[in-house]
Amino acid sequence: MMNSEYTKIVKDHFFHPRNVGRLSTPSGSGTVGNPSCGDVMTIDIQVENDIIKDVKFQTYGCAAAIASGSMTTELIKGRSITECKKLTMNNIITELGGLPKEKTHCSNLATEALKKAINDYQKKHHCD
Amino acid sequence: MKEVYLDYAASTPVDPEVIKTMNPYFLEIYGNPSSTHQKGLEASKGVENAREQVASCFNVSPETILFTSGGTEADNLALKGIAFQYSPHDLDDGSHIITSTIEHPAVLNTCKQLEAYGYNVTYLPVDKTGIIDLDQLEETISKDTLLISIMYANNEIGTIEPVKEIGKIAHKHDVLFHTDAVQAVGKIPIDLSSLPIDLLSVSSHKIYGPKGVGALYHNLGISFDPLLQGGGHEQGKRSGTLNTPGIVGLGKACELSQKRLQKDISHLKKLRDYLIDQLREIEASTLNGHPTKRLVNNVHYRFKAVEGNALHSRLNEQGVYIATGSACSSKKILPSHVLIALGLTVEEAISSARFTVGRLTTTEDIDYIVPILKESINNLRLISPLWNQQ
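This one's a predicted model, so the numbers in the text were calculated from it and none came from an experiment.

A. Seen up close, the overall build of chain A. A tally of regular secondary structure across chain A gives five helices and three strands. Mapped from its N terminus to its C terminus, chain A presents α and β elements in the order α-β-β-β-α-α-α-α. Here the C-alpha atoms of chain A give a radius of gyration of 14 Å, agreeing with the 14 Å that 2.2 N^0.38 yields for 128 residues. Along the first, second and third principal axes, the C-alpha atoms of chain A reach 45 × 30 × 20 Å. Buried residues in chain A amount to 46% of all 128 residues. Residue pairs in contact within chain A that sit at least 24 positions apart in sequence constitute 62% of those at least 6 positions apart.

B. Expanded view of unusual backbone geometry. Residue and element names in this part refer to chain B. The backbone of glutamate 234 sits at a positive phi, close to 50°, despite the residue not being glycine. Mapped onto the elements of the fold, glutamate 234 is located in the loop between β8 (214-218) and α8 (244-259). For glutamate 234, a count of 18 C-beta atoms within 10 Å corresponds to the partly exposed category.

C. Layout of helix α5 (residues 104-124) of chain A. Helix length check: α5(A), at 21 residues, gives a terminal C-alpha distance of 31 Å against a target of 30 Å (1.5 Å per residue), a fit within 8%. Where α5(A) is buried, its residues meet β1 (28-34), β2 (39-48), α2 (63-76), α3 (81-85) and α4 (89-95) of chain A.

D. Representation of the sheet that holds β1(A) within the structure. Residue and element names in this part refer to chain A. Overall, antiparallel pairing links the three strands, which are arranged β1-β2-β3 in an open sheet. Because the sheet does not close on itself, it has two edges, and the strands there are β1 and β3 (51-60). Within the sheet, the average angular offset between the axes of one strand and its neighbour, ignoring direction, is 10°. Two elements, β2 and β3, share nine bridges in a ladder whose sense is antiparallel. Paired with isoleucine 45 across the bridge in β3 is valine 55. Contacts between α2 and the sheet are confined to β2 and β3, with β3 contributing the most and set at about 175° to the helix. Across the sheet, α5 is in contact with β1 and β2; its angle to β1 comes to roughly 140°.

E. Just helix α1 (residues 8-15) of chain A, in detail. Looking only at α1(A), the buried set comprises Val10(A), His13(A) and Phe14(A). All buried residues of α1(A) project into a common sector of 105° when viewed along the axis, lining one side. Elements that come into contact with the buried residues of α1(A) comprise α2 of chain A together with α10 (308-317) of chain B.

F. Up close: the domain arrangement of chain B. Residue and element names in this part refer to chain B. Looking at the assigned domains, one finds that chain B contains domain 1 (16-259) and domain 2 (261-388). For domain 1 and domain 2, the distance between their C-alpha centroids amounts to 29 Å. Between domain 1 and domain 2, the residue contacts involve 22 residues of the former and 22 residues of the latter.

G. Quick peek at the sheet that holds strand β14 (residues 352-356) of chain B. Residue and element names in this part refer to chain B. Here we have three strands laid out as an open sheet, ordered β9-β10-β14, and antiparallel in their pairing. Looking at the sheet topology across the chains shown, the edges are occupied by β9 (285-287) and β14. Each strand of the sheet is rotated relative to its neighbour by a mean of 25°, with strand direction disregarded.

H. Molecular detail of the interface of chain B and chain A. In this complex, chain B contributes 20 residues to the contact, which on the side of chain A involves 23 residues. Those elements that provide at least two residues to the side of chain B that touches chain A are α10, α12 (346-350), α13 (363-383) and α14 (385-388) of chain B. The element that contributes the greatest number of residues to the side of chain B that touches chain A is α10(B), accounting for five residues.

I. Highlighting the nonpolar core. Counting 144 residues, the largest nonpolar core has Met41(A), Ala63(A), Leu79(B), Ile97(B) and Ala215(B) as its most contacted members. Broken down by element, this core gets its largest block of residues, eight residues, from α5(A). If you count residues domain by domain, this core takes at least three from each of domain 1 (16-259) and domain 2 (261-388) of chain B. Ignoring any residue separated from it by four or fewer positions in sequence, one finds Met41(A) in contact with Thr31(A), Val32(A), Gly33(A), Phe57(A), Thr59(A), Gly61(A), Ala65(A), Gly69(A), Leu109(A), Ala110(A) and Ala113(A).

J. A look at the packing of α2(A) against α5(A). All names here are of chain A. In the contact formed by α2 and α5, the axes pass within 8 Å of each other and the chain directions differ by 40°. When the axis of α2 is compared with that of α5, the two are oblique. Taken as a pair, α2 and α5 cross one another with a handedness that is right-handed. Each of Ala64, Ala65, Ser68, Gly69, Thr72 and Ile76 in α2 lies in contact with α5, whose residues at this interface are Cys106, Ser107, Leu109, Ala110 and Leu114. The residue makeup of the contact of α2 with α5, split by class, is seven nonpolar, four polar and no charged.

Rules used throughout
Residues numbered from 1 in each chain as written. Chains lettered and ligands numbered in written order. Predicted model: local features only at pLDDT ≥ 70, side-chain atom pairs only at ≥ 80, totals over all residues. Helix = DSSP H or I, 4+ residues; strand = E, 2+ residues; numbered from the N terminus. Rg over C-alpha atoms; globule rule 2.2 N^0.38 Å. Buried ≥ 20, exposed ≤ 12 C-beta atoms within 10 Å, placed from the backbone. Contact = placed C-beta atoms within 7 Å. Expected span 1.5 Å × (residues − 1). Pairing = 2+ DSSP bridges. Axes fitted to C-alpha atoms, helices over the stretch in contact; angles between N-to-C directions. Arc of directions from axis to C-beta. Domains from an automatic or database assignment. Core = buried A, V, L, I, M, F, W, Y, C linked by C-beta atoms within 7 Å. Parallel < 35°, antiparallel > 145°, perpendicular 65-115°, else oblique. Left-handed = near helix turned anticlockwise from the far one by under 90°. Nonpolar A, V, L, I, M, F, W, Y, C, P; charged D, E, K, R; others polar.

So this is what it looks like as structure tokens:
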């Protein structure tokens, strides 16, 4: 895919992804995709009083997938679980200033990983 | 920003000498080569001179060279031109064609089309280095086999097929042999007077010639159905007004490629091996393809846990241009059919990248890109969930 189609924001997050890595004791954790599909995304969240205090992510995927993961971590840090559950693929794409059409599924990967992480947290803490 | 182009297998810049040869054919010698007036005759002279240049490059007679719009058309013409002379069900077991699983889409998709028409196609597998099995080839030949089409050298991994042996087997069974030599020309000496090859596809823009022109060599005894009907150009085998500037460009490019062949080979080989030596220092990384039966300009490497498209994007932003074989579809990343045919996992295939050097590549270029490449790989591994599992 042509990189010229990527916005400045995408390029910034791609070259300098925020909140990369894993949390040692996450409240919730979500992984979606697998290497045989071409991309993998993992999001760990640390939740205190219903607020996402810390978040880390990892991606094996293209520039759009990496930027989407990074942007997602920025958008959810400090927000309540209720707010984060409302985060959509389109929110991420808008924040990134847009993505090439064939790359939109990459941001879906991030929202799916987040959803899984939140579910994991809620399951562990018997709440919803 | 400094730019380093390492995608010569995709295309090459046109040689200034080629441009110089082409230029008069736009403004001065613009006649239709089929016209019999002076303007036409001059153009026709240019075309016939180019035919001789191409023929001489392969040590064959000019009548065996047919000009096309490129490698893709040459492949289509060879396969369909032969197949269409037979109805798909003419022969007892159906008219049969043999090819390999790692062919260029120009051959693979033509075979798929022929299959849809009812022809019988066998796709030979390859070993983990990309080479077909000659015994299996011979076993696959039946009395209804019309044609074998196996590439001279693979465009992705650079593996060189045993074309001489393939041709011998084909001829032993009275089967025609076509080879797509688009990547091989200019990197391997090809003397068609001593090789058992009946049809061979050539592309101009891979050998420092212009885009939109190619050639099909065909043994004179062979007849085939034309793909294009029209004014009966090229002895009725390929209608359409001849692309005079393109054709004289291809002719010159062939002449130069023949003249520089030994120089080019040693230059490319030196750079290829230099790059491979540097890549060996990167941990958990492997050369794809064959260690020695390999095009002199091809380096195809896989880097554990590094997604190829991401690597491609990082390098692109830094002015380093490479290729990956995988394509991004709407749902997932599609790995290269060639790498999958070698037996690589999807993850291994997607974590691969192709670097192809050319005439203009220098040792300084390699020295420049290696640190950028290493930094990119390190950074992508830091982000990658697959690297942690190491």
